Structures are given as C-alpha cells and as structure tokens.
Amino acid sequence: GTSDRTARDIQRLFQKLKLVDVPVNVVNKPGGSGTVALNQLHSQPGDPYVLLLSTSTTLSNHLSGLSQLSYPDFTPLALLLADNYGVHVAGTSPIKSAPELLDRLKKDPESMTFGLASIGSSNHTSLIAALKKGGVDYRRVKIVSFAGGAKSTMALLGGHVDAINTGLSNMVEQLKAGKMRTLVISGPKRMGAPFDQVPTWKELGIDVSIMGWRGIMGAKGLTPAQIAFWDGVFRRLAQSEEWTSELAKNYWVNVYATAADTKRAMDTENAELKETLTELGMVRGAGQKK
C-alpha cells in the first residue's frame, strides 16, 4: 500500500542523505485503520525516536468513535505529500467513464459496490462528495472497507467489488496491463502518463477537489528542541532532489509544512471533516467528546 511505500521511501532517503545518524526501521502495525499504530505511539510519551506515518484516518477514526485518540494526543511534526484518489474499475467493466458511472448510480444507487481503504477517511469523503454533487443518493451506495489500498485492489481484481477509490500509485502497473481502468481523479489537475487522459471531477462539472495527505506525528510531550530537530530533518528531506523524484514517480504532490503549520492544518481539516461526517451521520462516541 501507499503508506508502506511512503515510509520506506523516507527510510531510504534518511539513510542515503544522512539526515539522521542512527539506523531507521519501518514497522507495519496493521489493524483498526491505524488505531493499533496510534495506540503504540501513545504508549511511548516523550520518545523522540518513534515516528508515525499519519493520514486523515487519524482524524476520522476519532470523530467516528473508532479511536479515543486524535492528533492533540500526539505531536504533529510535518506534512509531506498529497495524493490524488482515482475511481478505478476492472478492465472488463462495462463502465467506460465517470459520467456513465454517475448515470448508473443515479438510476440505482445500490447497483454497485465500492471498495475503500477506510470509512471516514479522505478517500471515502472525496468519493461521497463527488457522488453527492453528481446527483447520486449517496447514502444508499454500497461501500466496503478494507485494511489498506492493496487489499481493496485485490478485491477489485477478484471481482468482489465493482469499483475502488484509492491512490494512483497503486494502480500504475494494473492500468498498463489493462487489468484496471481509471475513470476520474479527485485532485485539481490532471497527472502525468499513464493518467494523462483521465479527467478530474472538476473537468466533468463536479465541484470537488480533495486529496489525501500523509504526514508525520511524534509522541506526545516532545520538547521544543526535539521538535526543532525533526523540523530540520523533514525540511531537508522535502527540499531534496531525491524526494522530488519520488513524488513525481508516485504521482504525489509536495505539501511540506513545519510542525507548527501541520498542527494548524490539522485544526482546520478536523473542523471540516467533522462537518462532513456529521452530515453522513458518522460522528459519534469519542468524536463528540472533544
């Protein structure tokens, strides 16, 4: 999946560019759409040597009651990249375009099943926003959550779902092999080949432009000096030619922000996401307590 790929790119460049002088390990902690990893980081307050690759699920899981923890329980350290989401169907699907997809769903919202990596995350809300503005009764659309983009891709290839909404970098080889077809992307502009012929939602008259982000969080209670250290590390990473090359290769967009700016960005997104999830009837439990 894209989170694992991102973490390993960071690990490799930390070492190649000598951004840190200690060994770096990537450890996957699957489960609960990221809540297992959050719980582990939360159990290590003040430890500056453990970092979490974070996504919008950190916010959405708390708002929807899946987790008691959210970004104020940690130390936001950096925003690194934004990722387009694409609506993909199997190469054998009769649906050839996003307008055909919308027409089918407007006639019968329950006629298709979508696979997503996480309910409530930005790959979910970007799809829902597009369906809503496209005139679809989005509350009736069937959506299945999988433990990551790789598993949702396998479900599509296996014929278990009709479409998926996930990051573009997962789809390149499948698209080139003709196993999948990308109908539309969620960001503000088209991307490079092999997605250069794929329109955005905005091009189709659907006023939606939502990208997913990936950033870094540290444990709660890091000192100003520790935060400043990681600010320097991630600033040098984001400014490096090697990182720019990785972004282009994976169809990612550089949105680097310092620790302070990352905290402000999360404040803003959390408020916007709460409004969206409230409309979907998904804000409950822990999300209502803070």
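So, here's what we can say about the structure. This structure is a prediction, so every number in the text was calculated from the model and none was measured.

## Considerations on the overall build of the chain
Within the chain, the regular secondary structure consists of 10 helices and nine strands. Relative to the compact-globule value of 19 Å for 290 residues, the chain shows a C-alpha radius of gyration of 19 Å, a close match. Its C-alpha atoms give the chain principal-axis dimensions of about 55 × 45 × 30 Å. Here the analysis covers contacts within the chain between residues at least 6 apart in sequence; of these, 76% occur between residues at least 24 apart. Surface summary for the chain: the accessible area is close to 13100 Å², and the carbon and sulfur share equals 52%. Taken as two groups, the 33 positive and 26 negative side-chain charges of the chain have centres that lie 3 Å from each other.

## Quick notes on the sheet that holds strand β5 (residues 142–145)
Hydrogen bonds between backbone atoms are what pair the strands of a sheet, whose relative direction is either parallel or antiparallel. The strand order across the open sheet built from five strands is β5-β4-β6-β3-β7, with neighbouring strands paired in mixed fashion. Whereas interior strands pair on both sides, the edge strands pair on one side only; in this sheet they are β5 and β7 (180–185). The sheet shows a mean angle of 30 degrees between the axes of neighbouring strands, direction not considered. The pairing of strand β4 (residues 113–116) with β5 spans four bridges and is parallel. Counted as the bridge partner of L116 is S145 from β5.

## Section: the pattern of salt bridges
Tallied over the entire structure, the rule returns 11 salt bridges. R8 serves as the salt-bridge partner of D4, at 3.1 Å between the closest nitrogen and oxygen. Of this pair, D4 and R8 both sit in helix α1 (residues 2–16), four residues apart, which is roughly one turn of that helix. For D4, a relative accessible area of 23% puts it in the partly exposed group. Note on R8: relative accessible area 36%, which makes it partly exposed. Put simply, D103 and K106 hold a salt bridge, and the shortest N to O gap is 4.0 Å. With D103 and K106 both in helix α4 (residues 98–107) and three residues apart, this pair spans about one turn of that helix.

Quick notes on the rules
Residues numbered from 1 in each chain as written. Predicted model: local features only at pLDDT ≥ 70, side-chain atom pairs only at ≥ 80, totals over all residues. Heavy atoms only, no water. Helix = DSSP H or I, 4+ residues; strand = E, 2+ residues; numbered from the N terminus. Rg over C-alpha atoms; globule rule 2.2 N^0.38 Å. Contact = heavy atoms within 4.5 Å. Areas by Shrake-Rupley, 256 points an atom, 1.4 Å probe, with all protein chains shown as cover. Lys, Arg positive; Asp, Glu negative; His and termini not counted. Charge placed at Lys NZ, Arg CZ, Asp CG, Glu CD. Pairing = 2+ DSSP bridges. Axes fitted to C-alpha atoms, helices over the stretch in contact; angles between N-to-C directions. Salt bridge = Lys/Arg side-chain N within 4 Å of Asp/Glu carboxyl O. Buried < 20%, exposed > 50% of the residue type's maximum accessible area, 1.4 Å probe, protein only.

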